[in-house]
Amino acid sequence: MDGWLAAVLVTGIGILATAALLLTVSVMKTLAALRETVSRLELAGTSLAAETAETLQRTAAAAENAEARLREMEPLASGLACVGESLGEAGGQLKTLSRKTAASVNHALERARERNEPGLEHALRALDAGLTLWTAWNKRK
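Everything quoted here is computed from the prediction, not taken from an experiment.

**Notes on the overall build of the chain**
If you tally the helices and strands in the chain, you get one helix and zero strands. Computed over its C-alpha atoms, the radius of gyration of the chain comes to 55 Å, more than 25% above the 14 Å expected for a compact globule of 141 residues. Expressed along its principal axes, the backbone C-alpha trace of the chain runs to roughly 175 × 50 × 25 Å. Going through the 141 residues of the chain one by one, you find that 0% of them count as buried. For the chain, the accessible area works out to roughly 12,700 Å², and carbon and sulfur atoms hold 68% of it.

Encoded structure:
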């Protein structure tokens, strides 16, 4: 029986060794695939880092260009602000002048009306009398 037990023990150890060998081969294949994936990921990361660096450089250059243009435009903007202030002041003065002119014209028209009203009233009475005489004269004919 000892022979039988030894045969079973050897067979069990052989099965365990085979299983360990198959497990080792499987782990080795998985590690190889993992290395390949990590290598591809590293290449993609390197490429992405290079693209990011290039994009950052272009962005920095664009920002510097925009800043330079803003500095160039600052005197123009300042000048336009001064022009705007001057136009605002001129507009205010023009408004004041137009109000004074309108008041002066209204005053002059009122004085002219007051001065000409009696003469106009006399002329209208004379016209009325003349039309009355003319109407009466035409009725006689």
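Here the narrative resumes, following the displayed structure.
**As for the environment of Gly14**
Within the secondary structure, Gly14 is located in helix H1 (residues 2-140). By relative accessible area, which is 30% here, Gly14 ends up partly exposed. Separated by 64 residues in the primary sequence, Gly14 and Ser78 have C-alpha atoms spaced 92 Å apart.

**Some points on a nonpolar patch on the surface**
Residues Leu23, Val27, Met28, Leu31, Leu34 and Val38 make up a contiguous nonpolar surface patch of roughly 550 Å² in combined accessible area. Within the fold, Leu23 resides in helix H1.

**Re the pattern of salt bridges**
Scanning the model with the defined rule gives six salt bridges in all. Between Arg113 and Glu117 there is a salt bridge, with its nearest N and O atoms 2.4 Å apart. Placement of the pair is Arg113 and Glu117 together in helix H1, with a separation of four residues, close to one helical turn. Its relative accessible area of 42% is what places Arg113 among the partly exposed residues. Among the charged side chains, a network of salt bridges with common partners joins Glu110, Arg113 and Glu117.

**Concerning the environment of His122**
Structurally, His122 can be placed in helix H1. Residue classification places His122 among the exposed residues on the basis of a relative accessible area of 59%. As for His122 and Gln57, which are separated by 65 residues in sequence, their C-alpha atoms are 93 Å apart.

**Description of H1**
Here H1 contains 139 residues, and its C-alpha end-to-end distance of 174 Å is more than 12% below the 207 Å for a straight helix at 1.5 Å per residue. Of all the bends in H1, the largest measures some 40° and sits at Asn116, one to four residues before the proline Pro118.

What counts and how
- Residues numbered from 1 in each chain as written.
- Predicted model: local features only at pLDDT ≥ 70, side-chain atom pairs only at ≥ 80, totals over all residues.
- Heavy atoms only, no water.
- Helix = DSSP H or I, 4+ residues; strand = E, 2+ residues; numbered from the N terminus.
- Rg over C-alpha atoms; globule rule 2.2 N^0.38 Å.
- Buried < 20%, exposed > 50% of the residue type's maximum accessible area, 1.4 Å probe, protein only.
- Areas by Shrake-Rupley, 256 points an atom, 1.4 Å probe, with all protein chains shown as cover.
- Patch = residues over 30% accessible without salt bridge, like charges linked within 9 Å, V, L, I, M, F, W, Y side chains within 5 Å.
- Salt bridge = Lys/Arg side-chain N within 4 Å of Asp/Glu carboxyl O.
- Expected span 1.5 Å × (residues − 1).
- Bend = angle between axes of the 7 residues up to and from the residue.

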